[in-house]
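As a plain string of letters, each chain reads:
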Amino acid sequence: MPDETRATPVERKPAEQRHSPEAMPIKTEKSHIGDEAVPDEDSGEPRFGLVGEGADTPATPGFRFAAIGALLIVVLFAGYGLGRLNGGSTGAAAIPAGGAQPTPTASVFDESQPHTHGVTAPIGAAAGQGAAVGGLSLSGNGLTLTPLITDFPAGRPQRLDFMINGPGGAPVTSYAVVHDKPLHLIVIRRDLTGFQHLHPVMAADGTWSVDLTLAEPGVYRMIADFTAVVGGEQLVSTLGSDLTVAGGYSPVVLPDPARAATTDGLQVGYEGTPATESTQPLLMTVTDSAGKPVTVEPYLGAFGHLVVLRQGDLGYVHVHPETRLIDGKIKFWLAAPSPGTYRMFFDFQVAGKVSTAAWTVIVS
């Protein structure tokens, strides 16, 4: 974040970490196997066996070994069951052959709704329900998005200034840094064209500013994605408002659904089918014009950013991928918010240059 931004980097712990097993007290049972000396009734000499044996308990070695063996079997099966519940492994992820892989700097766990940030395992959607969407309201969590200007000329840069006002009306000046930035701004025309992913800077008085060029007449949506820190509490929010470019408006018909796109001389494709009833994996592949895989670099703390916007109301979902590439592919997890037509925008970086691939997706 540039020095002029006074956002305070505050680590936002993922939901999985906030409720991690390490943070919870675990009650342990004492073992019933020991080496306590137990008097032998017949000889008066001490004998070693199971603590708590009664006077009528046979003291033969065969009995003691059988009891100990049975208890060990129970413990082994209990440990196996716990391992299955915890994913079968507590070790670190294996490093692919060929050397260390660049690792993004930010966590990619499900951070908070209305985001559906990518995870290292699927997040199950409720039965018949997909991911929650954001950006539909200019107010939420007691916060209000306040643009200082909403009218723009076509094709010419103009400064966009806005504030996030807190519950008492005062501008918020403290934000958590999420994926390397305290605030992510998405701007797109209501026909799902003209997509931009921007990062405004904040002045000391809480005013966010960015130079913005809107190419064609029409109504655009600005969606501010941020985590405000108010009274020591982190408020995850995605707020939206409209911007207007005067002139003759001719809406563009969306391209037909396809799994391949070309951008900046690169070919980008995806595998997987978004659905509403469950979280599904999506694998993104980036190759050069000859079809040879290229190296995708970390960008804003992740190997890519996937913004999904719903046609009609521009319901917004922002997804981040797993921390490691899968055979050179970028893996996301996504539950579509509802049936309908969507536009997916995939931001990624190759050789220091950020590019965006886009696809139309119909979710039935």
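You'll find the structure just up there.
These lines cover the structure that appears in this document, whether it is placed above or below.

Right, let's talk about the pairing of strand 12 (residues 233–245) for a bit. When strand 5 (residues 151–152) meets strand 12, the two strands line up parallel, connected through 2 bridges. Its bridge partner being in strand 12, aspartate 151 is matched across the sheet by threonine 244. Across 13 bridges, the pairing between strand 11 (residues 218–230) and strand 12 is antiparallel. Counted as the bridge partner of alanine 224 is leucine 239 from strand 12. Counted between consecutive antiparallel strands, the loop separating strand 11 from strand 12 contains 2 residues, among which glycine 231 sits at a positive phi close to 60 degrees.

Aromatic ring pairs are described here by two measures, namely the spacing of the ring centres and the angle between the planes. Inspection of the entire model under this criterion finds 7 aromatic pairs. Measuring from centroid to centroid gives 5.8 Å for phenylalanine 332 and phenylalanine 346, while their planes differ by 85 degrees, and the two rings are edge-to-face. With phenylalanine 332 in strand 18 (residues 330–334) and phenylalanine 346 in strand 19 (residues 340–350), the pair connects residues that are 14 residues apart, well separated along the chain. Exposure class is identical for phenylalanine 332 and phenylalanine 346. Each is buried. A network of ring pairs unites the aromatic residues Tyr270, Phe332, Phe346, Phe348 and Trp359 as a single cluster.

With that out of the way, let us pick up the side chain of serine 209. Along the chain, serine 209 turns up in strand 10 (residues 207–212). Here serine 209 falls in the buried class, since its relative accessible area comes to 12%. Discounting residues that sit within four places of it in the chain, serine 209 has contacts with Arg159, Leu160, Asp161, Pro200 and Val201.

As a further point, take the sheet that holds strand 13 (residues 260–263). Pairing is antiparallel across the open sheet formed by 4 strands, whose spatial order is 13-14-15-18. Sheet topology places strand 13 and strand 18 at the edges, where each strand pairs with a single neighbour. Going from strand to strand, the sheet's axes swing by 25 degrees on average, the running direction of each strand aside. Note: strand 14 (residues 266–271) against strand 15 (residues 280–287), 5 bridges, orientation antiparallel. Looking across to strand 15, one finds that glutamate 271 is bridged to leucine 283.

Strand order in the open sheet formed by 5 strands is 3-4-6-10-9, with antiparallel pairing between adjacent strands. Each having just a single partner strand, strand 3 (139–140) and strand 9 (201–202) make up the two edges of the open sheet. Examined bridge by bridge, strand 9 and strand 10 share 2 bridges and lie antiparallel to one another. By the bridge assignment, valine 201 is partnered in strand 10 with serine 209.

Met284, Leu306, Met344, Phe346, Phe348 and Trp359 are the most contacted members of the largest nonpolar core, which totals 28 residues. Put simply, the parts of the chain that give this core at least two residues each are strand 14, strand 15, strand 16 (305–310), strand 17 (316–319), strand 18, strand 19 and strand 20 (353–363). Counting residues per element, this core draws most heavily on strand 19, which supplies 5 residues. When sequence neighbours within four positions are dropped, the list of residues in contact with methionine 284 reads Gly269, Tyr270, Leu306, Lys329, Ile330, Phe332, Met344, Phe346 and Trp359.

Looking now at unusual backbone geometry. For histidine 179, which is not glycine, the phi dihedral falls at a positive 50 degrees. Looking at where histidine 179 falls in the secondary structure, it is placed in the loop between strand 6 (158–165) and strand 7 (183–189). By relative accessible area, histidine 179 is classed as buried at 3%. Even without a glycine there, the phi angle at aspartate 180 is positive, about 75 degrees. In this fold, aspartate 180 is placed in the loop between strand 6 and strand 7. On the accessibility criterion, aspartate 180 (35% relative accessible area) is partly exposed.

Thresholds, definitions, all that
Residues numbered from 1 in each chain as written. Predicted model: local features only at pLDDT ≥ 70, side-chain atom pairs only at ≥ 80, totals over all residues. Heavy atoms only, no water. Pairing = 2+ DSSP bridges. Helix = DSSP H or I, 4+ residues; strand = E, 2+ residues; numbered from the N terminus. Phe/Tyr/Trp six-rings, centres within 6.5 Å; stacked < 30°, edge-to-face > 60°. Buried < 20%, exposed > 50% of the residue type's maximum accessible area, 1.4 Å probe, protein only. Contact = heavy atoms within 4.5 Å. Axes fitted to C-alpha atoms, helices over the stretch in contact; angles between N-to-C directions. Core = buried A, V, L, I, M, F, W, Y, C linked by side-chain atoms within 4.5 Å.

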